[in-house]
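# Fold and geometry: a report
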Amino acid sequence: MSKRILFIISDTGGGHRSAANAIAASLTSLDPEIRFEMVDLLRASRLPGIRNAPEIYAFFSAKSIWLYNLMYRLANFTGFMNLASKFLYQFARAHIHQTIEGFKPDLVVVIHPLAVRPMCDYRDETSAVWPIVTVVTDLVSIHASWASDRADHFLLPTPQAVSRLLQLGIAKNKLQLTGFPVHPRFLAPLPDKHTARQLLGLPLNRFTVLLTSGGAGGGQVSKLVEAFERYCPECSLLVVTGRNLRLYEKLTRRTVPECSRIYQFVDNMEVLMSACDVIVTKAGPGTIMETATLGKPLILTGAVGLQEEGNIGFVTEARLGLFCPDPVQAAKAAEAMRLAQPADNTAEISSSACAGTAAIARTLLDLLSRQATSTKQSSLGEVEDAHS
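Residues numbered from 1 in each chain as written. Predicted model: local features only at pLDDT ≥ 70, side-chain atom pairs only at ≥ 80, totals over all residues. Heavy atoms only, no water.

### Considerations on the environment of Arg-164
With respect to the element layout, Arg-164 can be found in helix α7 (residues 159–167). Overall, Arg-164 belongs to the buried group, its relative accessible area being 18%. Each C-alpha atom of the pair Arg-164 and Leu-204 lies 45 Å from the other, and the pair is 40 residues apart in sequence. Once residues lying within four places of it in the same chain are set aside, the contact partners of Arg-164 are Asn-76, Ile-142 and Ala-144. There is a polar contact of 3.0 Å between the side chain of Arg-164 and the side chain of Gln-167. (Helix = DSSP H or I, 4+ residues; strand = E, 2+ residues; numbered from the N terminus. Buried < 20%, exposed > 50% of the residue type's maximum accessible area, 1.4 Å probe, protein only. Contact = heavy atoms within 4.5 Å. Polar contact = N/O pair within 3.5 Å; in protein donor to acceptor, adjacent residues only side chain to side chain.)

Printed below as a string of structure tokens:
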């Protein structure tokens, strides 16, 4: 019988679902018989304010990041998260039961901090025996909401994340440094720069900049576009607005230079990155690790939320890129790269990023195997007891 893995995510930004898709793709390549289901648990809770978390996060990231950061600070304690999650679970339990019961998983993989404790509550309440594996996708600034000692395993992207989980009271034997879940598409042979530009209909010999700001399209994208058009006018600019429809419409109403492109949410980011000379982005972990995997230089423009703050130092200390919080500064840095025409850099963390998804997939398969063996032994024990 095929094994069943339930991925628990939320579409607050694009990173959690992207990580789940990356792991699922790697698992499928190792065992095509495995079945998956992805559930946005915050949406499934149907609680006002919680079910709208993706929209609320998009609003905060675009309009009121200060308020998001305030709530982040106030909730960054394990005791508070334990109480708040227990309270919310009591109101959402019926909908969570309805969502989970139909799938009957053999293993649950949680890839969102606010879903760890509700899944532990559900398992305790139903006496389920499947393991709960938490895949942490923040690189450095790990919120207390990730850390529940009732989860069985934590798969972590960086040594800094391991240190933070130990500080939050998670037992060392539950922690495993695996690397970050980059999608296998970024590890497969990709078109070279000129071929990628041909596929995208771009000028072949023009310096090309990819400007992106995560799935929610937060940050100062409009100001960056204006700065690049003024201070780096000889470049082709590829702008990805994610799910931010208002930003997309605002940018497309302008006169877009013939050599530039404005995109909404894309599923071929690896091709866009291959076509570029430099990636300009907020400090989101997914884009950072994908860029490092491809060995492209980065210009970080800032952190959208305190959970991204530590990523800036992570990038600059590893010499993966520059930090340019001012749009004009970012555009001038890209122009300097264009004039120097440097070769693509070789990211110092590429090997860790490459190994991350496969290491996570192998760990999950090993847990499934051990779970099956344990279940079989328990069944044999019950049979022996019945005959004795």
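### Focus on the nonpolar core
Judged by nonpolar contacts, the single largest core of 34 residues is most densely connected at Ile-8, Leu-41, Ile-100, Val-110, Met-119, Leu-156 and Leu-165. Of all the elements in the fold, those that place two or more residues in this core are β1 (4–9), α2 (41–44), α5 (78–101), β3 (107–110), α6 (116–126), β5 (153–156) and α7. Once residues lying within four places of it in the same chain are set aside, the contact partners of Leu-41 are Ile-8, Ile-9, Ile-96, Ile-100, Ala-115, Pro-118 and Met-119. Counting residues in hydrophobic clusters, the runner-up holds 30 residues, among them Phe-186, Ala-275, Leu-300 and Leu-320. (Core = buried A, V, L, I, M, F, W, Y, C linked by side-chain atoms within 4.5 Å.)

### Regarding the sheet that holds strand β10 (residues 278–281)
Read across the sheet, six strands follow the order β9-β8-β7-β10-β11-β12 without closing on themselves; strand pairing throughout is parallel. Both outer strands of the open sheet, β9 (261–263) and β12 (321–323), are each paired with one neighbouring strand and no more. The average angle at which neighbouring strand axes cross in this sheet is 15 degrees, direction not considered. Here strand β7 (residues 208–212) runs beside strand β8 (residues 236–240); their pairing, made up of five bridges, is parallel. Within β8, the residue paired with Leu-211 across the bridge is Val-239. (Pairing = 2+ DSSP bridges. Axes fitted to C-alpha atoms, helices over the stretch in contact; angles between N-to-C directions.)

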